[in-house]
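So the chains spell out like this:
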Amino acid sequence: SQTIHQWPATLVQPVGSPLSLECTVEGTSNPNLYWYRQAAGRGLQLLFYSVGIGQISSEVPQNLSASRPQDRQFILSSKKLLLSDSGFYLCAWRWGGATNEKLFFGSGTQLSVL
Amino acid sequence: KQEVTQIPAALSVPEGENLVLNCSFTDSAIYNLQWFRQDPGKGLTSLLLIQSSQREQTSGRLNASLDKSSGRSTLYIAASQPGDSATYLCAVSAGDGSSNTGKLIFGQGTTLQVKP
């Protein structure tokens, strides 16, 4: 069966420090992968998505970057965190084809930038 | 630009009641619509997915409908239970021109509390 792993579960970082969040998927190959952020009082916003190794699409201008070094690995990074980067980060992968698809989410990382 | 709105933002009902959550979207050119459940501090669990050509989907006590032309969807929960307490999110799937990329645009959610 397919599973998605995301870590760490919680993270407290000072402003200006670097960030690396990792997401891995098991039991599937060549998945579409996504990074979403849920800021306090706001809905889920798509940050990045990837259709394959080295292929990253950015949805919104921001202080973050994403990379996909391997087929089932998706990494969210920042060189210098801002207060506004605080939020709940969710990785997701897409299962299925054109007529029967679902999005499966990881358990999320709660990031607090202080 | 696609926008998704959910009403109400919060809802509290006694156990056993049937209830309806509403979702509306501004652009009817969607591939599908999904309903998710989110427990506090947790990831999302997919509940139901309705393709753009479908009118409704059912899973257990849950029934979701889709009226693409009017830009509306409802999630009906029958015989609510305290375990149904969670935030329910509606999302529509957007594409890039001719292909479904799986990108989702979410509403802000309805937080449901079912009291014993």
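The paragraphs below set out a description of the structure included in this document. (Residues numbered from 1 in each chain as written. Chains lettered and ligands numbered in written order. Predicted model: local features only at pLDDT ≥ 70, side-chain atom pairs only at ≥ 80, totals over all residues. Heavy atoms only, no water.)

### Quick notes on the nonpolar core
Core analysis: the largest hydrophobic core is formed by 23 residues, its most contacted members being Phe25(B), Leu33(B), Trp35(B), Leu75(B), Ile77(B), Tyr88(B) and Leu112(B). Counting residues per element, the ones that place at least two in this core are β3 (19-25), β4 (32-38), β5 (44-51), β7 (62-67), β8 (72-77), β9 (86-96) and β11 (110-115) of chain B. (Core = buried A, V, L, I, M, F, W, Y, C linked by side-chain atoms within 4.5 Å. Buried < 20%, exposed > 50% of the residue type's maximum accessible area, 1.4 Å probe, protein only. Helix = DSSP H or I, 4+ residues; strand = E, 2+ residues; numbered from the N terminus.)

### Quick notes on the pairing of β8(B)
Residues and elements named next belong to chain B. Alternating positions in β8 separate cleanly, Ser73, Leu75 and Ile77 being buried on one face and Arg72, Thr74 and Tyr76 remaining unburied on the opposite face. In this sheet, β8 lies alongside β3 in antiparallel orientation, the contact comprising six bridges. Counterpart to cysteine 23 in the pairing with β8 is serine 73. Here β7 pairs with β8 via six bridges, running antiparallel. When the bridges of β8 are listed, serine 65 appears paired with threonine 74. Adjacent in sequence and paired antiparallel, β7 and β8 are bridged by four residues, among which glycine 71 carries a positive phi angle near 70 degrees. (Pairing = 2+ DSSP bridges.)

### Some thoughts on the packing of aromatic side chains
Evaluated as defined, the whole model comprises nine aromatic pairs over all chains. Relative to Phe106(B), the ring of Tyr36(A) lies with its centre 5.5 Å away and its plane at 85 degrees, an arrangement referred to as edge-to-face. One end of the pair, Tyr36(A), is in strand β4 (residues 32-38); the other, Phe106(B), is in strand β10 (residues 99-106), on a second chain. The two residues Tyr36(A) and Phe106(B) agree in class, both being buried. Plain terms: the ring middles of Phe105(A) and Phe106(B) are 6.2 Å apart, the flat faces sit at 70 degrees to each other, and that makes the pair edge-to-face. You can see Phe105(A) sitting in strand β10 (residues 101-105) and its partner Phe106(B) sitting in strand β10, one on each of two chains. Assigned by exposure class, Phe105(A) and Phe106(B) land together as buried. Here the aromatic residues Tyr34(A), Tyr36(A), Tyr49(A), Phe105(A), Phe36(B) and Phe106(B) are joined through ring pairs into a cluster of three or more. (Phe/Tyr/Trp six-rings, centres within 6.5 Å; stacked < 30°, edge-to-face > 60°.)

### Remarks on the pairing of β5(B)
All names here are of chain B. The buried fraction of β5 amounts to seven of the eight residues, a majority that puts the element mostly inside the structure. By the bridge criterion, seven bridges tie β4 to β5 in an arrangement that is antiparallel. Each residue of the ladder has a partner; that of glutamine 38, found in β5, is leucine 44. From the end of β4 to the start of β5, which pair antiparallel, there are five residues, and glycine 41 there has a positive phi angle of about 70 degrees.

### So, the sheet that holds strand β1 (residues 4-7) of chain B
Two orientations exist for strands paired in a sheet by backbone hydrogen bonds: parallel and antiparallel. Residue and element names in this part refer to chain B. In spatial order, the strands read β1-β3-β8-β7-β6; together these five strands make up an open sheet with antiparallel pairing. In this open sheet, the two strands that pair with only one neighbour each are β1 and β6 (56-59). Strand-to-strand twist across the sheet, computed as the mean angle between neighbouring axes with direction ignored, equals 15 degrees. (Axes fitted to C-alpha atoms, helices over the stretch in contact; angles between N-to-C directions.)

### Description of the pattern of salt bridges
This model, assessed by the stated rule, comprises five salt bridges over all chains. Salt-bridge contacts for Asp71(A) lead to Arg68(A); the nearest nitrogen and oxygen are separated by 3.3 Å. We classify Arg68(A) as buried; its relative accessible area is 3%. Residue Asp39(B) pairs with Arg37(B) through a salt bridge whose shortest N-O separation is 3.0 Å. (Salt bridge = Lys/Arg side-chain N within 4 Å of Asp/Glu carboxyl O.)

### With respect to the interface of chain B and chain A
In this complex, chain B contributes 22 residues to the contact, which on the side of chain A involves 23 residues. For the pair chain B and chain A, the summed buried surface comes to about 1,600 Å²; carbon and sulfur atoms form 48% of the total. Counting every contact that joins chain B to chain A gives one salt bridge. Salt-bridge contacts for Glu59(A) lead to Lys103(B); the nearest nitrogen and oxygen are separated by 3.4 Å. Counting the contacts that link chain B with chain A gives three residue pairs in polar contact (both at pLDDT 80 or more). (Contact = heavy atoms within 4.5 Å. Buried area = accessible area lost by both parts, 1.4 Å probe. Polar contact = N/O pair within 3.5 Å; in protein donor to acceptor, adjacent residues only side chain to side chain.)

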